[in-house]
Amino acid sequence: MNISKIIPDDPRLTAYALGELDAAEQVAIEAAIKDDPAAQTAVAQIRALSGDLSAALAKEPLPFVVPPKIEAAPPAREPYQPRKFIRFPFYLIGGLAAACVVAMFVVQKQEVTRRDIKLAEAKTEALYQKELAKLEEKSRSLIEIELKKEGEGVVHLPTTKPESEPVAQPSAPAQPRQNLPVLVADVTTGTPPMSNEVITMAPFSVEARHEMSFKVTQTLAGTRLPAGIAGVGGSAGAASPQAWATAAYGRHDFNTETYDRQVDNDYLDAIGNPLSTFSIDVDTASYANARRFLNLGQRPPQDSVRIEEFVNYFPYHYAAPKDATPFSASMEVASAPWNPEHRLVRIGLKGREIPEAERPALNLVFLLDVSGSMNEPKKLPLVKESMRVLVEKLKPTDRVAIVVYAGDSGLALPSTPISQKQEVLGAIEELSAGGSTNGAMGIQLAYDIAKANFIKDGANRVVLCTDGDFNIGVTNQGDLTRLIEEKAKSGVFLTVLGFGMSNYKDSTLEKLADKGNGNYGYVDNFAEAKKLLADQLSGTLVTIAKDVKIQVEFNPAKVKSYRLIGYENRMLKKEDFNNDKIDAGEIGAGHTVTALYEVVPVDVDSPADIPSVDPLKYQAKGSTKSKLAKAADVSPELLTVKIRYKAPEDVLSKKLEFPLVDSGAKFANASQDFKFAAAVAGFGMMLRESTHKGTTTFDSVLGWAEDGLGEDAGGYRHEFMDLVKKARGISG
Amino acid sequence: MNREIPHENAENFVQTAVAEYQSPLLRYATRLIGDPDRAQDVVQDTFVKLMAQPPAVVDGHVAEWLFTVCRHRALDILRKEGRMKRFEEGEMERVSAEEPQPTRSLEAEETHDALLRMIDRLPPNQQEVLRLKFQSGFSYKEISRITAHSVSHVGVLIHHAVTRLRAEYAAQRS
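Residues numbered from 1 in each chain as written. Chains lettered and ligands numbered in written order. Predicted model: local features only at pLDDT ≥ 70, side-chain atom pairs only at ≥ 80, totals over all residues. Heavy atoms only, no water.

Digging into the overall build of chain A
Summing up its helical and strand segments, chain A has 22 helices and 18 strands in all. Within chain A, the fraction of its 732 residues that count as buried is 56%. The long-range fraction of contacts in chain A, counting pairs at least 24 apart against all pairs at least 6 apart in sequence, stands at 78%. Carbon and sulfur atoms make up 54% of the accessible area of chain A, which totals about 30,800 Å². (Helix = DSSP H or I, 4+ residues; strand = E, 2+ residues; numbered from the N terminus. Buried < 20%, exposed > 50% of the residue type's maximum accessible area, 1.4 Å probe, protein only. Contact = heavy atoms within 4.5 Å. Areas by Shrake-Rupley, 256 points an atom, 1.4 Å probe, with all protein chains shown as cover.)

Structural data, given as structure tokens:
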């Protein structure tokens, strides 16, 4: 596409401003408006308007609906037919049926022919309200009616069993009319012929209807629902009635923290799998989260321990890049302390340091979860404290906006330069928790604000602070990650900060950060907030390279087999390395990223050897061997590390290559950073009860860490040793 | 990162969808039909249809699927009632300007309300795509699949809406 000039009335200009064009078109428009101030103004205005539109439209009320209750079903006598099986939450069969019965009672009692109020027509609302109003007169003590504004009729009926039985709350005036006959039939067939006493005495009729609807619900829950679930979901008998019942009453106390299952990377043989490819990971959340458990005197769940996040929690003293490349690689190899016959290879990347004065301007949009679940000392109050720390570190030209989300999303602070610090601090002060969580709407709004205030050549970032408990709106992980992925294309990066305990959704948050070109930290205390947001502000918030992938080629003449320690959920296919469409991790200014390989040299007989595979039938025999002999002659190298990365705004990657020769160093002679990283990996293996831990014990971890302590700026390494001791105490 | 996202448990699938989308769909359907009662029916039909779907079919684009089916149902009803013209072309330039234009400059908290009033004066088809974009967060492509407009037509509709809002907005603020 070649556009020399674009007129302001071109729809593509709007599409461009909203980030809806594909890469090629985007480049073309960018070129066309480069020297066109009018078009640029238009784009800026459209983006600003877009933020306002989202904010304004977010204020439009969502219709009130009751939480889903799984109750309805066709009469039990009908043969089961999955497709006709109506199991719709807001049918609220019990309540509806009861209301109808009550209505019928009154109708009969007054001997008024109400047949002209056709039940089959959509006049049920009028009927409800009229009849219930009459009932109210007769039995005020039993029934209270709360009519909200038009279209939101909510009827509260008191119940004798509030815990065991949902109270009917018609979610909206119109009930599904086609179901009425069914429902009435259900209730009437389920009860003995009604006596006149029941009919004439309103208070009892109310009680009676409760029992009836309760019975119906019970029967349905016990018998029909699992079948219905099987019909819908295709997994027969997977859900018990109790499970459904729990789900119907909301999310209380039954779902706690979630971690994805992680299986250690295993040994791979260097002939069959000479390439090992993975994405870097600068997240540190797993370590901070484990610290929280250990400080509570608990062992962290195995699956919550991601060794690479443990190792990467600590800064290491790798040499910074000398030239313009965004990072340098420093590699080291020595014997593995937990198995001296094995070699331990460290690949260390160090992102270019950006002095505070040269840091690009920040356009930050805080997206804060202010839902009820955040109302704990370690959550929202800690968020607010973290933000104050950050604000103190920002420059007057940096901008901060605050979007809050709970039941509805809203803009708590429009994008404001730090030169108006008091305003920012005031907005932080006013934040308070309450409501349920609609994360998706908030994410949408936050990205729109970020885009509307986009700083070219600056660091544009949404900072999500949450316990990850998205309970309304888009909570489906697939949809949520898709939303984030789409937003990530706009050039706005994402930082996810996890807060709090219990209900903590580690897996959701890590994925969000991952998909959103972002990083993920866990804030368990004020010191951690300070580390992430003040001491390592640039590392956390300024990305210097994105989609950083590492591919290691092992020399089979030297290496029998190898395993990557950690990075289990960051593994890539070897083809992905050169595929720029495949997303990978980001590295921040001054960040260090460390990867460790445990390598079994060719001349070592190790129990860690992988089970052999049958020789290949169709490959020429010995061909690999003869090739190997040649390669070994040519190269003394143990392995070569290839790194691909993109500059933050680029779509094409660049490649760096670093070979490594093993000098045969012993662990005792290794650098302090090497020893400390090995200690951290060993600790991770202990907590994961890894089969690869060799001779590692908590005591040996302490020994290696002690040797690798160094000067320990920030005291992180000393804290590590305290944690190891705590873990030892718990295990002992 | 292209990592596998674990599939939602099949039995939770419809339930989750209802919990997530019931309100937004109802709001959308009410806008289309203009009658909350019928909108409720439409949303209900939409979820009943969802129950008949194997989760794998809609996995990853549940929102889009629901909005598409919901819109389809809503238009069926409008068509039956002969109210279809609401959403057809030709009405695009029809502008109702019953409300007086406020002339004084707006306070910050009034801005959004004013914007909402301006949106309400847009032609219905522009309002629809505008809300799908800025309220529900769908992309042009997703909106195109939901509304069966071409992507470029979605672009034109949003462009017209945004251009007009921009002009009115500027006029009000000055």
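Quick look at the packing of aromatic side chains
The full count for this structure, using the stated rule, is 23 aromatic pairs over all chains. Ring centres of Trp338(A) and Trp704(A) lie 6.0 Å apart, and the angle between their planes is 55 degrees; on these two criteria the pair is classed as tilted. Of the two residues, Trp338(A) sits in the loop between strand S5 (327-336) and strand S6 (339-351) while Trp704(A) sits in helix H21 (residues 698-707), which places them 366 residues apart along the sequence. Each member of the pair, Trp338(A) as well as Trp704(A), carries the same accessibility label: buried. An angle of 65 degrees between the planes, with centres 5.2 Å apart, marks the rings of Phe676(A) and Phe720(A) as edge-to-face. Of this pair, Phe676(A) sits in helix H20 (residues 672-688) while Phe720(A) sits in helix H22 (residues 716-731), and the two are 44 residues apart along the sequence. Each member of the pair Phe676(A) and Phe720(A) is classed as buried. By way of ring pairs, the aromatic residues Tyr287(A), Phe310(A), Tyr313(A), Phe314(A), Phe676(A), Phe683(A), Phe698(A), Tyr716(A) and Phe720(A) are connected into one cluster. In this structure, Lys531(A) packs its charged tip against the face of Tyr313(A), placed 3.6 Å from the ring centre. Looking at Lys133(B), its charged tip hangs above the ring of Phe134(B), at a distance of 5.9 Å from the centre. (Phe/Tyr/Trp six-rings, centres within 6.5 Å; stacked < 30°, edge-to-face > 60°. Lys NZ or Arg CZ within 6 Å of the ring centre and 35° of its normal.)

Some details on the pairing of strand S12 (residues 518-523) of chain A
Residue and element names in this part refer to chain A. Judged by how many residues are buried, S12 sits mostly within the fold: six of six residues are covered. Residues of S12 alternate between two faces, with Gly518, Tyr520 and Tyr522 on one and Asn519, Gly521 and Val523 on the opposite face, all of them buried. Where strand S11 (residues 493-499) lies against S12, six bridges are found, and the strand directions are parallel. Residue pairing in the sheet places Val496 in a bridge with Tyr520 of S12. (Pairing = 2+ DSSP bridges.)

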